[in-house]
Amino acid sequence: MAKKETRQKSFEESYSRLEKILEKLESDDCSLEDTISLYEEGLTLTKYCYDKLNNAELRIKEINKSLKGELGIKDYK
Amino acid sequence: MIQGNLPQILTVSELNFNIKTLVEENFRFVHLIGEISNFKVHSQSGHYYFTLKDSGSQISAVMWRTRNENLLFTPEDGMQIVVKGRITVFPAKGSYQIEVWELKPQGMGELQARFEKLKQKLFEEGMFDEAHKMELPKFPENIVLITSKTGAVLHDFIKICKRRYPLLNIYLYPVNVQGVSASSSIIEALRDAEKFQKFPVIDIIVIARGGGSLEDLLPFNDERLARVIFSCKIPIVSAVGHEVDFTICDFVADMRAPTPSAAAELITPNIKDLIESIDKFSYFSRSFVQSKTENLRNSLREVQGSYYFNRPKDLISEFNMRIDELSKGITGTAGGRISSLKSSVKFFKQTLHHISPRNNLKKGYAIVRKKVDMDELRLLFEFEKIVTRASGVGKNEEVEIEFHDNKKQAKITS
């Protein structure tokens with residue numbers, strides 16, 4: 001489980017990495033090796049982003065407070 | 001006309017009771033305008049006691065705690081108000097008062113003035129400065145939504161977030177958004193949300209409430225709330241009221257949304273746009289890679305075709321051409337020489353043939369030879385010598401005449 005978590009990038013990270021990759025690909029001083037490895041990285045990231053977006057489900061939790069003032073979370077509804 | 005009848009004598013109690021009946025029956029429902037003075041809150045009961053006056057007259061007023069609990073603001077001396085209530089008489093004291101059920105500032109002028117005053121004060125303190133505004137994260141993961149658990153606001157907010165950005169986690173902090181307790185409960189929620197940081201990282205706090213009158217929105221014009229919002233470390237979006245409604249909360253928050261639904265749109269990227277831009281990314285990156293490799297291929301071809309790379313090949317073919325030329329030259333000149341030599345040999349042969357003595361013999365010439373003594377040439381052998389002149393032979397000398405066909409011996413007779 002822990003392993004999976006370290007590998008999981010946030011959507012924001014992946015998305016902004018994609019923007020960076022595109023920027024680098026566009027620049028003239030990108031070697032062929034770099035181009036290919038960036039392209040491969042980009043493909044993996046696009047797949048990840050697509051998966052994240054297509055499988056996302058909005059989660060709603062409710063914060064409640066005990067009489068002692070302790071905060072807790074429960075599922076909404 | 002009541003002759004003979006004794007005047008009716010009333011006790012004070014009777015009188016006051018009569019007055020009470022008379023007054024209370026006739027003033028069961030009164031709207032009254034006036035200025036507050038002598039305002040007091042009873043420390044134990046929580047009832048409000050004050051005097052309502054105008055320039056020429058005054059009346060005592062009371063507002064029971066059960067009524068004043070729902071009040072949106074705390075009245076103060078000097079405030080012009082309109083109240084709704086009934087007149088009650090205290091027979092024990094022979095006094096009367098107005099029992100207030102509803103209390104509103106007169107017109108909205110008063111509230112508006114207070115609002116403007118607070119706004120100006122906080123503005124001067126720099127609490128609305130752009131420099132203090134925190135930027136909202138582009139892709140929020142966890143947000144705290146401070147709003148009422150009932151009503152359309154929450155429902156609409158969730159609906160929009162679900163549609164636009166389902167990656168979001170919403171932590172609902174239910175609060176009371178109306179009445180005197182509202183601002184305190186929102187302040188508490190904000191403080192808790194900051195503490196809540198211990199669990200997930202909260203990216204944005206949204207304070208939301210539907211539209212309402214200036215009175216309804218009073219809790220959001222609370223100075224204490226404004227200061228808590230200002231000092232909060234998490235970006236706050238204020239979505240209070242409807243389009244035209246502005247509250248202090250809106251000004252001090254990091255971002256103001258015209259409505260709660262608009263807030264949901266503001267804080268979330270649209271999943272459709274995201275998918276579209278990822279589509280674009282795949283398309284562009286592929287075409288970049290393709291054009292890059294194509295360009296490299298082209299320049300490789302160019303290098304291959306360049307002069308320097310083709311020089312050895314060119315040199316070889318140049319040499320080949322030279323050799324071809326030379327061999328052509330060699331065969332050409334040698335052949336020419338040979339044939340010209342051949343023809344001159346032929347010519348010589350012909351000339352020789354023409355001038356050969358043997359040929360002349362055929363024309364009728366003859367060669368005369370005579371034998372020469374060896375003494376004459378001091379040689380030991382005989383030698384035939386061609387006689388070229390008549391004086392070369394004497395009488396009776398033997399000679400040999402050669403004709404073209406044969407030789408004959410002859411003797412000179414003269």
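Worth saying up front: this structure is predicted, and the values here are computed from it rather than measured. (Residues numbered from 1 in each chain as written. Chains lettered and ligands numbered in written order. Predicted model: local features only at pLDDT ≥ 70, side-chain atom pairs only at ≥ 80, totals over all residues. Heavy atoms only, no water.)

**A few points about the overall build of chain B**
No. 1: Counting its regular elements, chain B contains 12 helices and 14 strands.
No. 2: With 414 residues in all, chain B has 36% of them scored as buried.
No. 3: Summarising the internal contacts of chain B: among those between residues at least 6 apart in sequence, 61% fall at separations of at least 24. (Helix = DSSP H or I, 4+ residues; strand = E, 2+ residues; numbered from the N terminus. Buried < 20%, exposed > 50% of the residue type's maximum accessible area, 1.4 Å probe, protein only. Contact = heavy atoms within 4.5 Å.)

**Structural notes on the sheet that holds strand S3 (residues 58-63) of chain B**
Residue and element names in this part refer to chain B.
No. 1: Within the closed barrel, the five strands sit side by side as S1-S2-S3-S5-S4. Their pairing is mixed. Geometrically, the sheet is characterised by an average inter-axis angle of 50 degrees between neighbouring strands, direction not taken into account.
No. 2: Note: strand S4 (residues 80-90) against strand S5 (residues 95-105), 10 bridges, orientation antiparallel. When the sheet's bridge partners are listed, Ile 81 is paired in S5 with Pro 105. (Pairing = 2+ DSSP bridges. Axes fitted to C-alpha atoms, helices over the stretch in contact; angles between N-to-C directions.)

**Digging into the pairing of strand S9 (residues 236-240) of chain B**
All names here are of chain B.
No. 1: By the criterion of burial, S9 is predominantly enclosed, with five of the five residues buried.
No. 2: Residues Ile 236, Ser 238 and Val 240 line one face of S9 and the alternating positions Val 237 and Ala 239 line the opposite face, and both faces are buried.
No. 3: Pairing analysis gives five bridges linking strand S8 (residues 204-209) to S9, with the strands arranged parallel. Directly across from Val 206, in S9, lies its bridge partner Val 237.
No. 4: For the crossover from S8 across helix H6 (residues 223-231) to S9, the handedness is right-handed.
No. 5: Sheet analysis places S9 next to strand S10 (residues 255-256), joined by two bridges and oriented parallel. Paired with Ser 238 across the two strands is Arg 256, which belongs to S10. (Right-handed = clockwise from strand over helix to strand, strands pointing away.)

**Regarding the packing of helix H4 (residues 152-164) of chain B against helix H8 (residues 260-267) of chain B**
Residues and elements named next belong to chain B.
No. 1: In the contact formed by H4 and H8, the axes pass within 8 Å of each other and the chain directions differ by 25 degrees. One way to sum up the angle between H4 and H8 is to call them roughly parallel. Pair H4 / H8 crosses with right-handed handedness. Facing H4, whose interface residues are Val 153, Asp 156, Phe 157, Ile 160, Cys 161, Arg 163 and Arg 164, H8 presents Pro 260, Ser 261, Ala 263, Ala 264, Glu 265 and Ile 267.
No. 2: Split into classes, the residues belonging to the contact of H4 with H8 amount to eight nonpolar, one polar and four charged. (Parallel < 35°, antiparallel > 145°, perpendicular 65-115°, else oblique. Left-handed = near helix turned anticlockwise from the far one by under 90°. Nonpolar A, V, L, I, M, F, W, Y, C, P; charged D, E, K, R; others polar.)

**With respect to the sheet that holds strand S2 (residues 71-75) of chain A**
No. 1: Judged by pairing direction, the sheet is mixed, and its seven strands sit side by side in the order S2(A)-S1(A)-S7(B)-S6(B)-S8(B)-S9(B)-S10(B) without closing on themselves. Edge positions in the sheet fall to S2 of chain A together with S10 of chain B, since each has one partner strand and no second.
No. 2: In the packing of H4 of chain B onto the sheet, contacts are made with strand S1 (59-65) of chain A together with strand S6 (142-147), strand S7 (169-174) and S8 of chain B, and the angle to S6 of chain B comes to roughly 160 degrees.

**Here's the deal with unusual backbone geometry**
Across residues other than glycine, the phi torsion is negative in most instances, and most of the peptide bonds are trans.
All names here are of chain B.
No. 1: Within the chain, Asn 38 stands out as a residue other than glycine whose phi angle is a positive 60 degrees.
No. 2: Its relative accessible area of 49% is what places Asn 38 among the partly exposed residues.
No. 3: We note that Asn 396 has phi near 75 degrees; this positive angle belongs to a residue other than glycine.
No. 4: Tracing the backbone through its elements, the reader meets Asn 396 in the loop between strand S12 (383-386) and strand S13 (398-402).

**Description of the interface of chain A and chain B**
Reports often express the size of an interface as the amount of accessible area lost when the parts come together.
No. 1: In this complex, chain A contributes 35 residues to the contact, which on the side of chain B involves 38 residues.
No. 2: Summed over both sides, the interface between chain A and chain B buries roughly 3500 Å², with carbon and sulfur atoms accounting for 72% of that surface.
No. 3: On the chain A side of the interface with chain B, the three residues burying the most area are Leu 53, Leu 58 and Ile 63 of chain A, jointly 20% of the side's total.
No. 4: Linking chain A with chain B are four salt bridges, by the criterion used here.
No. 5: Glu 62 of chain A is paired through a salt bridge with Lys 149 of chain B; the nearest N and O atoms lie 3.0 Å apart.
No. 6: Scanning the region where chain A abuts chain B turns up 13 residue pairs in polar contact (both at pLDDT 80 or more).
No. 7: Contributions of two or more residues to the side of chain A that touches chain B are made by helix H2 (11-26), helix H3 (32-55), S1 and S2 of chain A. (Buried area = accessible area lost by both parts, 1.4 Å probe. Salt bridge = Lys/Arg side-chain N within 4 Å of Asp/Glu carboxyl O. Polar contact = N/O pair within 3.5 Å; in protein donor to acceptor, adjacent residues only side chain to side chain.)

**Brief notes about helix H1 (residues 12-26) of chain B**
Residues and elements named next belong to chain B.
No. 1: Between its terminal C-alpha atoms H1 stretches 21 Å, which fits the 21 Å expected from 15 residues at 1.5 Å a residue.
No. 2: Those residues of H1 that sit buried are Asn 16, Val 23 and Glu 24. Along the axis of H1, the buried residues cluster in a sector spanning 90 degrees; they form a single face. Counted as exposed and oriented over 90 degrees from the buried face of H1: Phe 17, Leu 22, Glu 25 and Asn 26.
No. 3: Tucked into the core, H1 has its buried residues touching S4. (Expected span 1.5 Å × (residues − 1). Arc of directions from axis to C-beta.)

**Focus: the nonpolar core**
No. 1: Of all hydrophobic cores here, the largest spans 45 residues; its most connected members are Phe 11 of chain A together with Phe 157, Ile 170 and Val 206 of chain B.
No. 2: Once you skip the residues sitting within four places of it in the chain, Val 206 of chain B turns out to touch Ile 143, Val 144, Leu 145, Ile 146, Phe 157, Val 237, Ala 263 and Ile 267 of chain B. (Core = buried A, V, L, I, M, F, W, Y, C linked by side-chain atoms within 4.5 Å.)

**Things to note about H3 of chain A**
No. 1: Between its terminal C-alpha atoms H3 of chain A stretches 34 Å, which fits the 34 Å expected from 24 residues at 1.5 Å a residue.
No. 2: Taken together, the buried positions of H3 of chain A are Thr 35, Leu 38, Tyr 39, Gly 42, Leu 45, Thr 46, Tyr 48, Cys 49 and Leu 53 of chain A.
No. 3: On its buried face, H3 of chain A is in contact with H2 of chain A together with helix H9 (271-305) of chain B.

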